[in-house]
Every structure is written in C-alpha cells, then in structure tokens.
Amino acid sequence: MLRALLPLCALLLASAGLLLGGATPASAHAALTGSSPAQGSVVDKAPTEVTLTFSEKVSVSSGSFRVLNPAGKRVDSGKPANLDGGTYGVPLRGGLPDGTYTVTFQVISADSHPVAGGFTFSIGAPSATSVSVSDRTVGGGVVGVLYDVARYVSYAGFVVLVGGAAFVLACWQRGAGERTMQRFVVSGWIALTGATLALLLLRGSYTGSGKVADIFDLSLLGPVLQSKTGAALLSRLLLLAAAALFVAVLFGAYARGDEEDESHERDGASEDGSRGAGSTQDAEDAADRAAERRDLTFGLAIGGGVIAAGLAATWAMAEHASTGIQTGIAMPVDILHLLAVAVWLGGLAALLTALYRAPSIEAAAVRRFSGIAFGSVVALAATGLYQSWRQVGSWSALTGTTYGQLLLAKIALVAVLIGIARVSRRWTGHLADAPVVRTRTKAKKQTVAATAASSVTAAASPSDGPASDTSDTSDTEVSTEAGSGKGGASAEETAGSGKGASTKGAAGSGRNTSAKGAAGSGDPKRAAQLARQRAATAAARAKRVREADPFRSGLRRSVLAEAGVAVVLLAVTTALTSTEPGRTEEEAKAAKAASSSSSSSSTGARSSGTLSLKLPFDTGGEDGKGTARVTLSPARVGGNTLHVYVSRANGRAFDVPEVKLAFTLAAQKIGPLPVEPDRVATGHWAASDVQIPMAGDWTVSVTVRTSDIDQVTVDKNTKIG
C-alpha cells in the first residue's frame, strides 16, 4: 500500500516545488497604465497633485502613494482619492523646489493581489536622488511562500471535502460507515479550515510589509476583515462551521441508518421461517426505513450542495471572476467550474483511497462515479472555455504571456487525465464485485468476552441451543457478499457460525479441540481471542480474493496515475490564480507603449505635464448634479489630448447625452474655441489634437446636458502653456 502511494507522494512534492521553489512576488493583476506627471518627464512648474491610472480599480489606504523629494522625504500632503475609474490622485505640498521626485505605490488589485512599483519625474531639471525603486517588490519572501502554500492547501482541502462527500452520497452510500472515508473527508475539512485561518493571519503582512513578525500582529486583522478578501475568508469560515454539521450528520445519523438497515435485513433473513404472518409488517417497516433514508439523502444532497456552492463563491467573489468584463456571468461560471473540479478530482481521490484502504468497494459504486466524472469533465470544459476567452482575449496572449502558457499546460494535463480516465473506464467495465467485509465493535470488553464465550460454547455443544441465538450479540461481525464474475468468490464462514467441529474460522490452525476446551472451561478471554482470529482470517481471505482480481488491480493502478496527474493539475491551477491574466497584461503593455510613443514624439519641447480640472455642475433637473473632470495633456501650445470624465455625486460614471467645451483667452481676445469631444464609454468623452494657439490664462467652459431640457455651463480659469 505505502509503496504504491510513493509515486503520488513524489508527484505532490514535485508539484509543490514547481509551484513554490522558484516563487517570486505575486504577479500584479492591476497594472499601472499611465501617470501625471508621466514617468521620466520634466515639467516646468511643480504640479499640485500626482495622478496614477491603473488597468482596473484598486484598493488604497493612507500610505498607498508616496511622493519623495531627492533627499527621500515625503512631500505628499493628503490621502489618495479615486478621481475616476482606475485613476487615483494624491495632493502635493506647495512650493516644491526643482529636482527629481520619486513616486512609489503599493495597492491591492480588485482580484485581491498586491501591486507595487514606482517611477520618477523632475521639476525644472533632473537631479540626483537618494531614492531607489528598482527593488520595489511585494508579496514575496518567506511570507509570500507561506501565503502560496496556504492557498494551495485551501484548494486541496476544498477538493477533498466536497469531492469526498459527493462520492459518498452519490456513488457509495455504504462508505459513510467506513472509517477510511470518514478520515478522508474530515481531513479535507481540517485542511481547508486551517488554511483559511492561516490566510487571514498572513494577509496583513502579505499585502503590507512582508515581514514574518507582522503575521501575528492582530492590529492588521481589522483592515484585512474590512477588505473584499477578508470578507470572503470570514464567510468561508462561517460556511465551514455549517460544513462541520453536515459532515457530522453524514457520518453519524446517515451511517447508523445504513447499519440499522443491514441489521434488519439479517434479522429478517434469520427469522423468515418463524415469523409467518408478520412478514407483511416487516415489509412495511422496511419501506418506511427506505423512505426515511431517501429523505435524509435528499436533505444532505441539498444542504451539502448549498454549502459547497457557498464555499466556491468565496473564491469567485474575491479573485479573477470578480473583475474585468462580464462579472455577472463570470462569477456563477467560476462557481460551477470549481464545483466540477472538486467533484471530479475529489471523487477521484476518494475512489483511490477506497480502492487501497477500504475493505471492499462495489463495482456499481465505481461505475456510478465514472458517469458523474464524465459529467464533471463536460462542465469543466464548457466553463473553462469561457474563462479562457475572458482572461486571455487573443491568440497572441495565449502563447505570449505567462498566464496563457500556464493555461496551455493546464489544458494538456486535463487531456492526459481524460486519456487515463478512458483506461480506467475499460477496467471498470470488466470489474466484478469483490466480497464485502466489515468489522464493527458493538460492546465493551466484558460484553465482548461474554458473548464470544457463549458463541464458542454453542458451537462446541449443539444440544444447548441453536447458534443463531447468539449471533446477533457477537463481538465481531464479518459479513461477506460474494460477487459474480471474475474475481468474485465466497469468503469463509464467520465467527459464531455454529460449525463446532469445523476449523475454517481459525484458518485450519487446528484449534477446534482447544476451542472446545476453552468453552468447556468457561475461559472468556480465550473465547474472545478465537473470535477475533476467525474475523481476521475471514477478512484476510476476502482481501486476497479482492486483490487476486486482475481488473481491480488494473483499476487501482490507473486511478493512482489519475490522482498523480491531478495533484500537478491542482498546482498549475493555483499558480494561474496568482498570475496576471493575459488580457490585462497585453492591455497594460499597449497603454505603456502608447504613453512612451507620446512621450518620444514630444522630444525637444519641454512638457508642461497634464492639466486636470474638476468642475461641479447642477443642471437643476432631476438627477442633475455631478462633476466634470477635464484633463488636457500635455497642456502646452500646439496639439493636445483632452478627456472629460462625468460622474454622479456618488462617484459613479454619469451617462449624460452631451458634453461640449470651449477655450477662451480673454486677454488676447481669442475664442471661444469650441471643442466637441466624442463619447468613449459611459461618462467618458475624449478629443484629440485640441489646438492651444498661445500660452496664457485661459477660461475653460464645460457644457453638460443631462436631459432634453436640462443643461448647464460651468467655467474655470487656468494657465495653459
């Protein structure tokens, strides 16, 4: 058994090393796509604020943005604010001297991953600076490795918990009474609970300082619990409490019901000839028990399904599915994807455990799982196809980004798994039921000894009464169900079977004479020992019969291979969740390239930076209040790019029907120069090549129309050029 599992352990260690051995800081899922002042730019006068634009919304705190002067001292003077969408700004102190300034940032992307970086700009002329941003990292080091380990364990625990429970309920209900399956499912619950608690403790340090000492700083728990990720982890713990109740019922009342049903079946069989007219009542009782069991199975399936979906949602609401395009579709699809993975891979691990550790498993249970696994693979393929399109977006991103390459590796591993599964299905088609052996302890030591002694006494002296009178109270009970077909064989008679002169129960050890002596002398210890020996012999014989089946042996090997590939697949999946999606990576590269091109095209002319104006408005009508933010870049004489962001009072984008602008230089009697920007997106208007003929104090007029009759024009004076 242990030797057979060595390859699986080796694969587990190899995949963990692949995932963690070369661990680097977590890849950013939000990328910096622009800033004002731009990276490396030189501006004529000191800006009043620094703005940073990310590819998606991020979470910021008071220390998320820092602006440092050449001596390394902070010159930012307030808290960061969300200006619009993924654009954030931090105000600066007035009267900043010339020199090179460094901007550093550390934020949390919308899908829960920390992002850090920095850049420089200069006022007047570049200068030497004592600040370095080249080694600015986040999410790495020892804390990063521990966090990745906890994430992997949480995924594995979820798969084992959900998949194991689904396997017992849907495929092998008798397995609820097997200690092996109980330990398997409970180990999944323990792993998921422990990993979730570890993630809560590690989160503050992981997204902050990265210091090991901060892991146990409980003051960091407050901000963590207020974040989206913290809320998801807390919800997961609450759902795990409900899962504990589910597991207790599954392996408690549900398992006892199975044992009671079998006990009634045996009692009915032994008393069939003596009950006569009572057989009708027995049939009614059996029908009632069957109905109760169906109701309990249905209730456990519904309750377990709700808990499993809730646990899957704690990932969907905090990671990739919660950001980007089509989040309303992506999150339910992600939940279904996670459930399909758990049912398939977790059920596979449960089947492997049953094949190697359980006394026996029926061929019908294996066939049922084969059908469920096929349905899970179909769901996995459909949801995975949608997720791949959503996260990758293009063929170039599939091969040219880390996310795309990991996705290709995952697809290859799934294809290998399906190939091995086809081999397993062929073995399953030839599989026959092996003898079913179960051992139960029903009483304390004193009762065990007494009942065993009476059993042996009855076997030695048939005249004292039928052996069946004591069979129901025997210490050890071994039931055998001989299967049909290849590998099926009848096991030997069990302890207390009444064969007084037979030596089958003792495996031909010649103890029949000693058994009579022990019974005759009333030695309860000796009688109990003989009963245990008979049970062990029957179990060993049944195991030999089971392992002699070449089809069952072949199935064990193929399922072990499937489980090994599944371990590596889970490692790749975990790595995918901490890698920047290909679509985001390509969009960030394009934005940076456009920014660099714009910067290089203005070489030889000193940039004045980006002008940003905020103009509150009120058209007087219903829902007529909002703010128009105007940005003009590079805010110099000649061609400029203009953006207008219109937002409501609550900060959300305002989809107004029309926006117009006009520029007036009253001192030179120039203007108004009209500008009609084009609508880019909800609340976003833009215009290119906006010509500013000369420098001076310009009046910028913005006209906003919120309905057919509600319109207002607001003005603001600013220096341009």
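In what follows, the structure referred to is the one given above.
Overview of the structure. Quick caveat, the model's predicted, so the values are computed rather than measured. Think of each chain on its own: its residues are numbered from 1, step by step along the sequence as written. Selection of residues for local features in this predicted model requires a pLDDT of at least 70, selection of side-chain atom pairs for listing and counting requires 80 or more, and totals for whole chains, interfaces and linings are taken over all residues. As a rule here, side-chain values come from all non-hydrogen atoms in the structure, and water together with hydrogens is ignored.

As a further point, take a negative patch on the surface. Within this analysis, patches are made of residues with over 30% relative accessible area and no salt bridge. Like charges are joined at 9 Å or less; nonpolar side chains (Val, Leu, Ile, Met, Phe, Trp, Tyr) at 5 Å or less. Per-residue and other accessible areas follow the Shrake-Rupley method at a 1.4 Å probe size, with only the shown protein chains counted as cover for residues. Salt bridges are identified by distance alone: a Lys or Arg side-chain nitrogen within 4 Å of an Asp or Glu carboxyl oxygen. Residues scored as charged are limited to Lys and Arg (positive) and Asp and Glu (negative), so that His and the chain ends carry no count. Here the site of a charge means atom NZ of a Lys, CZ of an Arg, CG of an Asp or CD of a Glu. Taken together, Glu284, Asp288, Glu292 and Asp295 make up a surface patch of like negative charges. Counting from the N terminus, the helices are DSSP H or I runs at least four residues long and the strands are E runs at least two residues long. Here aspartate 288 lies in helix α8 (residues 279-316). Look at aspartate 288 and you get partly exposed, because its relative accessible area is 47%. Relative accessibility thresholds used throughout: buried, under 20% of the residue-type maximum; exposed, over 50%; partly exposed, between the two (1.4 Å probe, protein chains only).

Moving on, we get to the nonpolar core. Where a protein is soluble and globular, its nonpolar side chains tend to be buried together. Of all hydrophobic cores here, the largest spans 83 residues; its most connected members are Phe158, Phe167, Leu250 and Ile361. For leucine 250, the contacting residues outside a window of four places in its chain are Ala165, Val168, Leu169, Ala176, Ala255 and Leu300. Within the second largest apolar cluster, 30 residues are counted, among which are Ala628, Phe654, Val659 and Ala687. Here the nonpolar core consists of buried residues drawn from Ala, Val, Leu, Ile, Met, Phe, Trp, Tyr and Cys, with membership extended through side-chain atoms lying within 4.5 Å. Contacts were defined at the residue level, with two residues in contact if any of their heavy atoms lie within 4.5 Å.

In spatial order, the strands read β14-β13-β17-β18; together these 4 strands make up an open sheet with antiparallel pairing. Looking at the sheet topology across the chains shown, the edges are occupied by β14 (670-675) and β18 (711-720). Averaged over all pairs of adjacent strands, the angle between strand axes in this sheet comes to 20°, irrespective of strand direction. One bridge is not enough; two strands pair if DSSP finds at least two bridges between them. For strand β17 (residues 696-705) and β18, the ladder comprises 10 bridges, and the chain directions are antiparallel. Across the sheet, threonine 703 pairs through a bridge with threonine 713, a residue of β18. Only the stretch in contact is used when a helix axis is fitted, and all axes are lines through C-alpha atoms; the angle between N-to-C directions ranges over 0 to 180 degrees.

On the surface, a nonpolar cluster with roughly 240 Å² of combined accessible area is contributed by Val142, Leu146 and Val212. Take valine 212: it is sitting in the loop between α3 (179-206) and α4 (221-226).

Axis separation between helix α9 (residues 327-357) and helix α10 (residues 363-392) bottoms out at 8 Å; the angle between their running directions is 145°. Crossing angle aside, the handedness with which α9 passes α10 is left-handed. Here a crossing is called left-handed whenever its near helix is offset anticlockwise from the far helix by less than a right angle, and right-handed whenever the offset is clockwise.

Among the structural elements, serine 64 can be located in the loop between β4 (58-59) and β5 (65-68). By the criterion applied in these results, polar contacts are pairs of N or O atoms within 3.5 Å in which, for protein atoms, one can donate a hydrogen and the other can accept it, and in which residues neighboring in sequence qualify only through two side-chain atoms. A polar contact is formed between the side chain of serine 64 and the backbone nitrogen of serine 61, at a distance of 2.6 Å. With residues near it in sequence (within four places) discarded, serine 64 still touches Ser59, Thr104, Phe105, Gln106 and Val107.

What follows deals with the sheet that holds strand β12 (residues 638-647). Strand pairing in a sheet takes place through backbone hydrogen bonds and is either antiparallel or parallel in direction. Pairing is antiparallel in the open sheet, where 5 strands are placed in the order β10-β11-β12-β16-β15. The sheet terminates laterally at β10 (611-618) and β15 (678-681), the two strands that pair on one side only. For this sheet the average axis-to-axis angle between neighbouring strands, irrespective of direction, equals 25°. The pairing of β15 with strand β16 (residues 684-692) spans 3 bridges and is antiparallel. When the bridges of β16 are listed, arginine 679 appears paired with tryptophan 685.

Two elements, β12 and β16, share 7 bridges in a ladder whose sense is antiparallel. The partner of glycine 639 across the bridge, within β16, is glutamine 691. Linking β15 back to β16 in an antiparallel pair, the connection comprises 2 residues, with glycine 683 at a positive phi of about 75°.

This brings us to the packing of helix α2 (residues 141-170) against helix α5 (residues 228-250). The interhelical angle for the contact between α2 and α5, taken along N-to-C directions, is 30°, at an axis separation of 13 Å. Helix-helix and strand crossings are classified by hand; for α2 and α5 the assignment is left-handed. From α2, Tyr147, Ser154, Leu161, Ala165, Val168 and Leu169 reach across to α5, where they touch Thr229, Arg236, Leu240, Ala243, Phe246, Val247 and Leu250. Residue polarity is assigned by list, with Asp, Glu, Lys and Arg as charged and Ala, Val, Leu, Ile, Met, Phe, Trp, Tyr, Cys and Pro as nonpolar; anything else, Gly included, falls into the polar class. Residues that form the contact of α2 with α5 fall into these classes: 10 nonpolar, 2 polar and 1 charged.

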